[in-house]
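Okay, here's what each chain looks like letter by letter:
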Amino acid sequence: MASRATGREGGALPGKVLLMLAPSALATLSNRARRRGRRTILVSATNGKTTLTAMLADVLAATGLEVVHNATGANLRSGIATTMLQAGRRGDVAVLETDEATLPLVAPDLQPDVIVLGNLFRDQLDRFGELEVLADRWRETLGALDPALVTIVYNVDDPLIAELVDAHVARATAIGVAAHVIPFGLADASVGQAGLPHAADSRFCRRCGEPLAYAHSWVGHLGAWTCPNGDLVRTAPLVAATEVQLDGLAATNLAIDVAGTSIDVRLRIPGLYNVYNAVAAAASAHALGAPTALIGPALGEASPSFGRFERIPVPSGGTITLLLVKNPTGLNEVLRTLVDSGVDISATLFALNDHIADGRDTSWIWDADLEPFLAKAGVVIASGERAAEFGLRAIYGGLDPEGVLLEEDLEDAMYRVLERAREFTEHGHAYALVTYTAMLKMRAVIAQQGWARAYWANEPRSKSKSRRARTKARR
Amino acid sequence: MSSHDHSSPAGSPVFPGARPRIRILHLYDRYLNIYADRGNIQLLRQRAAWRGIDVDVQGLDPGETFEPGEHDLIYVGGGQDRDQAMIAERMSVDLTQSIKAASEEGTALLAVCGGYQLLGSHYLDTNGVHQPGVGLFDLSTEASDTRLIGNVAIEVELPAIGDRPAAQGVVAGFENHAGRTSLGSSARPFGRVMHGAGNDGSSGFEGCRLHHAIGTYLHGPLLPRNPELADWLLAAALAHAHGSEAASLIDAGDTIPEPVRRLEARARAASIARAKAEKR
């Protein structure tokens, strides 16, 4: 069981020790591998970085590359060092999920060939201080890299990111270098919303301070934005989802335009926010020269990462689906996907913990739009160390006070939600919205019961093998 | 400590059969709205509804003004530095007179985090920008390069309003601020820090209170965990709307659902326990 102290550093001990003994080890390991031709990709984002990194690793593996990947989600400096240490000089490409605040700390040592910037949302302000501080650090990170040697794959629908990449391009131009950038985004207005949701974090142009105008928004402040003064321009994405058809919780059908070639993907991970992950993975694979024809089928093979819409069958019949939530926008998207899919959500629990990896400040649950979910669910089991806080949020969001079932212990809550699923739903499907440490704990109970593989098991990078192993574990 | 003299004599009594009504003004709601400010408003609305009190909530955009006395409770939320810097100047130019006059004639006010800073004389922010303040509270704030972040518990005393007696208690919340706030000689703190940093991490003071106006760094959101404070604010608003004898309408009957009371007690206990256990 991963403890509070390890948090998101799970599986990072060897790297931690190494960095203590040799602070420059990251650069040494990276240089050694580079001389043998291994390329490095750093993937960072507030939301979706685990899923995106896994998708990209899958796609690259499908093109025949040997991929080094921090699959356990150990995305801090120590976790990245562990992955590098264990890989040695092996591998054609290292695909490294990188924590947002860690990116500035590791990029100078790793000298990445590609940096993927997915999105920036308000998340764990108790750790980062303010969102714009993080954006400024990313800007400095790009500024310290040689623009001739790095390709930036970035989400052009996120004005915070578009602005800092724009500055990167301008800086390169000023020194006579053409920066390598690949903008990706969405291009299907039919799945957009008019205006911005309450939790939108970036409403103003960072250049002139004017409110940005949105033709529509797709996820939080990701959208088709323009600065009314023209101080910042959203470039057309080079890789874009041109047609998106959400098919409930089962899948999403999409057409992705990859630099002029259209590919069809049936993505088996639900939610519009995962369309962004698929498009980002396609753009990143394109940046590494992957054949376009192989990208679609590989994305179609991608399956959810641990705790991210991960559906686990239980022996008594039915399933429990784990949904990791950790910030207002992420929660909004998970709830929207759940509610819009039309599934029966009579059996749901929400487990709220407040350790460092969860965010110590629980106020974020008030900034998300829970109301449509609460209205549909009618009853919610409140669990975790700050369960009562969630209970109040639910009631003040319109849930009948008797509709909050307080069950602070996670294991009890899990059994109770399964019981409700058996009793009140046709197919016995239960849904568990869980913060990070609550997810680890619940996943540990599930593994103990033998319903699914343990969270910390290292995922083999050969996909066909790992998929068989996973299928077996679920039976 | 008695503040009956700040209850508006202009308030209209509640006629038999009529429902009392509270008018809330949410200042710059589209700019100052992080850390669950929305939760505080939702709570005021719902808690009043449980007591049969109607609530109107009105937003205000930069550039707009309001007449003192038009509202019974003013709410000012928090923002990130950039959002806050953008509206500070507007607020001090457009609203200084109205906010001071409203508070003087008994309007209740709650300002959280950034909103609290803007009600002092000025805020020198993390980018070195001098943000002018409204000067309702005798205090000033300067950003430091470290932030004060964590759970907080403070001891507060809420004064009597009309017949409604004064009360003492513990208020729990979460703080996250770079600003260090110094109270001037005429300012009275909202509370004394039991666990956490408070205004500056050293004085032992948290927030500021003047008449029925409270400024504080505590979010979380503040009111759902601290229902006594919410009721005090609603009582002050009722006194402003309908005369000081209306303050106790907020305590009438046992109308808060039992599950809510249980959850409030659990939520606050968990919050205080965290504040106590955190190492600083």
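It should be emphasised that the depicted structure is a prediction, and the values quoted were computed from it without experimental measurement.

A. Looking closely at the nonpolar core. If you look at the biggest cluster of nonpolar residues, it comprises 107 residues, and the most contacted ones within it are Phe350 and Phe373 of chain A together with Leu27, Met91 and Ile99 of chain B. Per-element tally for this core: the top contributor is helix H5 (residues 227-242) of chain B, with 10 residues. For Leu27 of chain B, the residues in contact, after removing those within four places along its chain, are Leu60, Phe66, Ile74, Tyr75, Val76, Met91, Leu95 and Ile99 of chain B. Grouped together as the second largest cluster of nonpolar side chains are 49 residues, Met55, Val265, Ile269 and Tyr276 of chain A included.

B. Representation of the interface of chain A and chain B in the model. If you look at the interface, chain A gives 41 residues, while chain B gives 42 residues. Summed over both partners, the interface of chain A with chain B buries about 3,500 Å², with 53% contributed by carbon and sulfur atoms. Across the chain A-chain B interface, the total number found is six salt bridges. Between Glu385 of chain A and Arg274 of chain B there is a salt bridge, with the nearest N and O atoms lying 2.8 Å from each other. In terms of residue count, the dominant contributor to the side of chain A that touches chain B is helix H14 (residues 387-396) of chain A (seven residues). Classifying every residue of the side of chain A that touches chain B by side-chain character gives 14 nonpolar, eight polar and 19 charged.

C. Expanded view of a nonpolar patch on the surface. All names here are of chain A. A cluster of nonpolar side chains, Leu13, Val17, Met20 and Leu21, forms an exposed patch at the surface whose accessible area comes to about 470 Å². Locating Leu13 in the fold gives a position in helix H1 (residues 13-21). A residue is classified by how much of its surface remains accessible, and Leu13, at 59% relative accessible area, is exposed.

D. Representation of the sheet that holds strand S2 (residues 67-69) of chain A within the structure. All names here are of chain A. Taken in spatial order, the nine strands of this open sheet run S2-S3-S1-S4-S5-S6-S9-S10-S11, and their pairing is mixed. At either margin of the open sheet sits one strand with a lone partner, and together these are S2 and strand S11 (261-267). Direction aside, neighbouring strands of the sheet carry axes that sit 15° apart on average. Bridging between strand S1 (residues 39-44) and strand S3 (residues 93-97) involves five bridges; their strand directions are parallel. Opposite Thr40, over in S3, you have Ala94 as the bridge partner. Along the sheet, helix H3 (residues 49-62) contacts S1, S2, S3, strand S4 (114-117) and S11; its crossing angle with S3, the most-contacted strand, is approximately 165°.

E. Region of the structure containing the sheet that holds strand S15 (residues 380-383) of chain A. All names here are of chain A. Spatial ordering of the open sheet is given by S12-S13-S17-S14-S15-S16, a layout of six strands whose pairing is mixed. At either end of the open sheet lies a strand with only one pairing partner, and these are strand S12 (308-313) and strand S16 (404-406). Averaged over all pairs of adjacent strands, the angle between strand axes in this sheet comes to 20°, irrespective of strand direction. Both S12 and strand S13 (residues 319-324) contribute to a ladder of five bridges, which runs antiparallel. Within S13, the residue paired with Glu310 across the bridge is Leu322. Sitting on the sheet, helix H11 (residues 328-340) touches S12, S13, strand S14 (348-351) and strand S17 (429-434), and the angle it makes with S17 is about 170°. Sheet contacts for helix H16 (residues 436-448): S12, S13, S14 and S17; angle to S13, the most-contacted strand, approximately 155°.

F. Focus on the pairing of S14 of chain A. Residue and element names in this part refer to chain A. Every second residue of S14 is oriented toward a common face, with Thr348 and Phe350 on one face and Leu349 and Ala351 on the other, all of them buried. Relative to S17, S14 is paired through four bridges, and the arrangement is parallel. Considered in S17, the bridge of Ala351 is made with Val434. Note that S14 and S15 share three bridges and pair parallel. Considered in S15, the bridge of Phe350 is made with Ala382.

G. Geometry of the pattern of salt bridges. Summed over all chains, the structure comprises 34 salt bridges over all chains. With its nearest N and O atoms 3.0 Å apart, the salt bridge here joins Asp136 of chain A to Arg206 of chain A. Within this pair, whereas Asp136 of chain A is found in helix H7 (residues 131-143), its partner Arg206 of chain A is found in the loop between strand S6 (180-186) and strand S7 (213-219), the two being separated by 70 residues in sequence. Of the charged contacts, one joins Arg19 of chain B and Asp54 of chain B as a salt bridge, the two residues approaching to 3.0 Å between their closest N and O atoms. Residue Arg19 of chain B is found in the segment before strand S1 (21-27), and its partner Asp54 of chain B is found in strand S2 (residues 54-60); the two are separated by 35 residues along the sequence. Given the relative accessible area of 47%, Arg19 of chain B is considered partly exposed. The class for Asp54 of chain B is partly exposed, based on a relative accessible area of 31%. Here the salt bridges do not stand alone but share partners, grouping Glu132, Asp136, Arg139, Glu163, Asp166, Arg206 and Arg207 of chain A into one network.

H. Local environment of the pairing of strand S12 (residues 213-216) of chain B. Residues and elements named next belong to chain B. Of the two faces of S12, the one carrying Ala213 and Gly215 and the one carrying Ile214 and Thr216 are both buried. For strand S4 (residues 108-112) and S12, the ladder comprises four bridges, and the chain directions are parallel. Pairing of Leu110 across the sheet is with Ile214, part of S12. The sheet contact formed by strand S11 (residues 208-210) and S12 spans three bridges and is antiparallel. Note that in S12 the partner of Cys208 across the bridge is Gly215. Between S11 and S12, which follow one another and run antiparallel, lie two residues, and His211 among them has a positive phi close to 50°.

I. Looking closely at the packing of helix H1 (residues 37-50) of chain B against H5 of chain B. Residue and element names in this part refer to chain B. Relative orientation of the contacting elements H1 and H5 amounts to 75°, with a least axis distance of 11 Å. As summarised for this structure, H1 and H5 are arranged roughly perpendicular, according to the angle between their axes. Here Leu43, Leu44, Arg47 and Ala48 of H1 lie close against H5, whose contacting residues are Pro227, Ala230, Asp231 and Leu234.

J. Spotlight on the confidence of the model for chain A. Residue and element names in this part refer to chain A. Per-residue confidence for chain A averages 89 on the pLDDT scale, and 91% of its residues sit at or above 70. Per-residue pLDDT stays below 50 along residues 1-9; that stretch engages in 21 contacts with residues further than four places along the chain or on separate chains. Below a pLDDT of 50 lies the segment residues 457-475, which in the model reaches 27 contacts outside its immediate sequence neighbourhood of four places, other chains included.

Quick notes on the rules
Residues numbered from 1 in each chain as written. Chains lettered and ligands numbered in written order. Predicted model: local features only at pLDDT ≥ 70, side-chain atom pairs only at ≥ 80, totals over all residues. Heavy atoms only, no water. Core = buried A, V, L, I, M, F, W, Y, C linked by side-chain atoms within 4.5 Å. Buried < 20%, exposed > 50% of the residue type's maximum accessible area, 1.4 Å probe, protein only. Helix = DSSP H or I, 4+ residues; strand = E, 2+ residues; numbered from the N terminus. Contact = heavy atoms within 4.5 Å. Buried area = accessible area lost by both parts, 1.4 Å probe. Salt bridge = Lys/Arg side-chain N within 4 Å of Asp/Glu carboxyl O. Nonpolar A, V, L, I, M, F, W, Y, C, P; charged D, E, K, R; others polar. Patch = residues over 30% accessible without salt bridge, like charges linked within 9 Å, V, L, I, M, F, W, Y side chains within 5 Å. Areas by Shrake-Rupley, 256 points an atom, 1.4 Å probe, with all protein chains shown as cover. Pairing = 2+ DSSP bridges. Axes fitted to C-alpha atoms, helices over the stretch in contact; angles between N-to-C directions. Parallel < 35°, antiparallel > 145°, perpendicular 65-115°, else oblique. pLDDT = per-residue confidence, 0-100.

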